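# Geometric and topological summary
These are the residues of each chain, in order.
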Amino acid sequence: MRKDDCIFCKIAAGEIPSTTIYEDDLHRVFFDIAPGSEGHCLIVPKNHYDDIFDMDEKAGADLFALATKVAKALKEVTGCEGMNIVQNNGSIAGQTVFHFHMHLIPRYTGDTVNVGWVPGEADMDKLSEMADKVRKAM
Ligand code: AMP
Ligand code: ZN
């Protein structure tokens with residue numbers, strides 16, 4: 001499964017160069033070309049999925065299993081103090097490349113990475129109602 005004119009399909013297939021850290025039958029892991037911090041890399045499935053809503057659970061499970069391995073190796077090599085895992089779905093959420101990918105962003109004291117939101121106030125009744133609805137939709 002690949003999509004014409006998708007840059008990450010081309011990178012995953014090795015048709016466009018990337019600084020590849022790791023590759024297997026299902027994934028390619030490479031450094032982000034515009035890193036937020038030292039070691040910022042992307043995990044990309046070789047199959048094309050636009051986003052998480054387009055992806056099957058097995059592909060997600062395989063990818064996250066690999067992410068746990070890469071995260072530990074990246075921490076060991078960079079000496080980072082922590083790491084954000086960011087995965088944007090839809091332009092509203094900041095997605096700019098519409099082929100599913102997961103960002104691993106090592107964190108260092110004094111870095112300029114900004115992953116955040118303004119904390120709101122929870123309405124417990126609404127949360128319970130939504131929890132029921134989501135559970136039923138699963
Ligand atoms: P997102 O905003 O979550 O869709 O992230 C897309 C990411 O892909 C950005 O961080 C870009 O810097 C990165 N990116 C785009 N083109 C390339 C490329 N050719 N090689 C490596 N990273 C890329
Ligand atoms: Zn693609």
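Scroll up a little and you will see the structure.
Attention here is on the structure that accompanies the text.

What counts and how
Within each chain, residues carry numbers counting from 1 in the order of the written sequence. All chains are assigned letters beginning with A, and all ligands numbers beginning with 1, in the order in which they are written. Since the coordinates come from a predicted model, pLDDT governs what is reported: local features require at least 70, and pairs of side-chain atoms require 80 or more to be given and counted, while whole-chain, interface and lining totals use all residues. Here the side-chain values reflect all heavy atoms present in the structure, with hydrogen atoms and water set aside. For two strands to be treated as a pair, DSSP must find no fewer than two bridges joining them. Counting from the N terminus, the helices are DSSP H or I runs at least four residues long and the strands are E runs at least two residues long. Simply put, an axis is a line fit to the C-alpha atoms, just over the touching stretch for a helix, and the angle between two N-to-C directions goes from 0 to 180 degrees. Here, two residues are considered to be in contact whenever any of their heavy atoms come within 4.5 Å of each other. An expected span of 1.5 Å times one less than the residue number is assigned to each helix. Burial status follows relative accessibility: with a 1.4 Å probe on protein chains alone, a residue under 20% of its type maximum counts as buried, one over 50% as exposed, and anything between as partly exposed. For the purposes of these results, a polar contact is taken to be a pair of N or O atoms within 3.5 Å, where, inside protein, one atom must be able to donate a hydrogen and its partner to accept one; residues adjacent in sequence count only when each atom of the pair is a side-chain atom. Near residues are defined by distance, with any heavy atom within 4 Å of the molecule or strand qualifying the residue. Surface accessibility follows the Shrake-Rupley procedure with a 1.4 Å probe radius. Residue values consider only the protein chains on display as shielding. Just so you know the grouping, Ala, Val, Leu, Ile, Met, Phe, Trp, Tyr, Cys and Pro go in nonpolar, Asp, Glu, Lys and Arg go in charged, and all remaining residues, Gly too, go in polar. Note that water is not among the atoms used; donors are N, O and S atoms within 2.8 Å of the metal (3.2 Å for Na, K and Ca), so sites may look incomplete. Angular criteria define each label, namely tetrahedral for four donors with all angles between 85 and 135 degrees, square planar for four and octahedral for six donors with opposite donors over 155 degrees apart and remaining angles between 65 and 115, and irregular for whatever fails these tests. By convention a nonpolar core is built from buried Ala, Val, Leu, Ile, Met, Phe, Trp, Tyr and Cys residues, the set being connected through side-chain atoms within 4.5 Å.

## Re the sheet that holds strand β2 (residues 27-31)
Within a sheet, neighbouring strands are paired by backbone hydrogen bonds and run either parallel or antiparallel to one another. Ordered by their spatial adjacency, five strands build an open sheet running β1-β2-β3-β5-β4, and the pairing between neighbours is antiparallel. Where the open sheet ends on each side, the last strands, each with one partner, are β1 (20-23) and β4 (82-86). Across this sheet, the average inter-strand angle for adjacent strands is 15°, counted without regard to direction. Along the sheet, helix α2 (residues 57-78) makes contact with β1, β2, β3 (41-45), β4 and β5 (102-107), crossing β5 at roughly 25°.

## Looking at helix α3 (residues 124-137)
Over its 14 residues, α3 runs 20 Å from end to end, which matches the ideal 20 Å to within 8%, given 1.5 Å per residue. Judged by how many residues are buried, α3 sits mostly at the surface: zero of 14 residues are covered. The backbone nitrogen of D125 lies 3.1 Å from a side-chain oxygen of the residue at the head of α3, namely D123.

## Here's the deal with the pairing of β3
The element β3 is extensively covered by neighbouring structure, given that five of its five residues are classed as buried. In β3, alternate side chains face the same way, and those of C41, I43 and P45 on one face and L42 and V44 on the other are all buried. Here β2 runs beside β3; their pairing, made up of five bridges, is antiparallel. Bridged to H27 within β3 is P45. As defined by bridge partners, β3 adjoins β5 across three bridges and the pair is classed as antiparallel. Among the inter-strand pairings, C41 is bridged to a residue of β5, identified as L104.

## A few points about the site of ligand 1
Near ligand 1 lie 16 residues; those nearest to it are D32, G94, T96, H101 and H103. The contact in question runs from an oxygen atom of ligand 1 to an N or O atom on the side chain of D32, over 2.5 Å. Protein contact buries 82% of the 500 Å² of open area that ligand 1 shows by itself. Elements that contribute at least two residues to the shell around ligand 1 include exactly α1 (7-12) and β2. Per-element tally for the shell around ligand 1: the top contributor is α1, with three residues. Looking at side-chain class alone, the shell around ligand 1 contains nine nonpolar, six polar and one charged residues.

## Examining the coordination of the zinc ion (ligand 2)
Of the protein atoms, only C6 (SG), C9 (SG), H48 (ND1) and H99 (ND1) coordinate the zinc ion (ligand 2), at distances of 2.0 to 2.3 Å. One can describe the donor arrangement at the zinc ion (ligand 2) as tetrahedral, given that its four donor atoms subtend angles of 105 to 116° at the metal. One chain supplies every donor for the zinc ion (ligand 2), spaced along it as C-x2-C-x38-H-x50-H. Remark: H99 occurs in the loop between β4 and β5 and C6 occurs in the segment before α1; sequence separation between them is 93 residues. Each member of the pair, C6 as well as H99, carries the same accessibility label: buried.

## A closer look at the nonpolar core
If you look at the biggest cluster of nonpolar residues, it comprises 15 residues, and the most contacted ones within it are I43, V70 and L104. When contributions to this core are tallied by element, the ones reaching two or more residues are β3, α2 and β5. The element best represented in this core is α2, accounting for seven residues. The next biggest cluster of nonpolar side chains, apart from the first, holds nine residues, and it includes F8, I11, L42 and V97.

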